[in-house]
Amino acid sequence: MPHLALVTLVVRDYDEAIAFYVDAVGFELREDTPLGDGKRWVVIAPPGSRESGMLLARAADAAQEARVGDQTGGRVGFFLYTDDFARDHARMRTAGVHFIEQPRHEPYGTVAVFQDLYGNRWDLLEPR
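The text that follows walks through the structure, step by step, so that each part is easy to find. All values reported here derive from a predicted model rather than from experimental measurement.

### A closer look at the pairing of strand β2 (residues 28-36)
Point 1. The sheet contact formed by β2 and strand β3 (residues 39-45) spans 7 bridges and is antiparallel. In the sheet register, Thr 33 faces β3, and the bridge partner there is Trp 41.
Point 2. Counted along the chain from β2 to the antiparallel partner β3, the turn is 2 residues long, and its residue Asp 37 has a positive phi close to 55 degrees.

### A short note on the pattern of salt bridges
Point 1. Evaluation of the coordinates by the stated rule reveals 9 salt bridges.
Point 2. Across the salt bridge formed by Asp 88 and Arg 87, the nearest N and O atoms sit 3.0 Å from each other.
Point 3. Three or more residues joined by partner-sharing salt bridges are found here, namely Asp 15, Asp 32 and Arg 40.

### A look at helix α3 (residues 85-94)
Point 1. Among the residues of α3, those classed as buried are Phe 85, Asp 88, His 89 and Met 92. Projected onto a plane normal to the axis of α3, the buried residues spread over an arc of 100 degrees and lie on a single side. Residues of α3 that are exposed and point more than 90 degrees away from the buried face comprise Ala 86 and Thr 94.
Point 2. Buried-residue contacts for α3 involve α1 (14-25), β6 (98-99), β8 (109-115) and β9 (121-127).
Point 3. Positioned one or two residues after α3, Gly 96 has a phi angle of 100 degrees, which is positive.

### Concerning the sheet that holds strand β1 (residues 6-11)
Point 1. As summarised here, the arrangement of the 4 strands in space is β1-β4-β3-β2, forming an open sheet in which the pairing is mixed. At either end of the open sheet lies a strand with only one pairing partner, and these are β1 and β2. Put simply, the sheet's adjacent strands are angled 25 degrees from each other on average, direction ignored.
Point 2. Contacts from α1 reach β1, β2, β3 and β4 (53-58), with the element oriented near 10 degrees to β3.

Procedures and definitions
Residues numbered from 1 in each chain as written. Predicted model: local features only at pLDDT ≥ 70, side-chain atom pairs only at ≥ 80, totals over all residues. Heavy atoms only, no water. Pairing = 2+ DSSP bridges. Helix = DSSP H or I, 4+ residues; strand = E, 2+ residues; numbered from the N terminus. Salt bridge = Lys/Arg side-chain N within 4 Å of Asp/Glu carboxyl O. Buried < 20%, exposed > 50% of the residue type's maximum accessible area, 1.4 Å probe, protein only. Arc of directions from axis to C-beta. Contact = heavy atoms within 4.5 Å. Axes fitted to C-alpha atoms, helices over the stretch in contact; angles between N-to-C directions.

The structure is reproduced here in structure tokens:
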């Protein structure tokens, strides 16, 4: 049965992106394989995620560099689910993650929008 395995996130630098997503957001580094010419196959995923993750791809040209931080035109483009919003929100804030709003309670769950180090918007969401 097909499933979504990876989503690409264009980044400025592999190491700074790994540091942010692993140290601040709490993802696991699943793979970091050199491909030659400075390219790497870098896969991160939330802990416990078995079938999906993100491929961090360093921008290779000016057109890709222009999209870093604005891959969804300013909309929330990524949704990080949690089973304990208060715990993860506090941990991420302590680690320096910038939340652009206060947590709010919606019919679908508790949510707050944060920005990654490039400005991409994410929802931290604990579903009801």
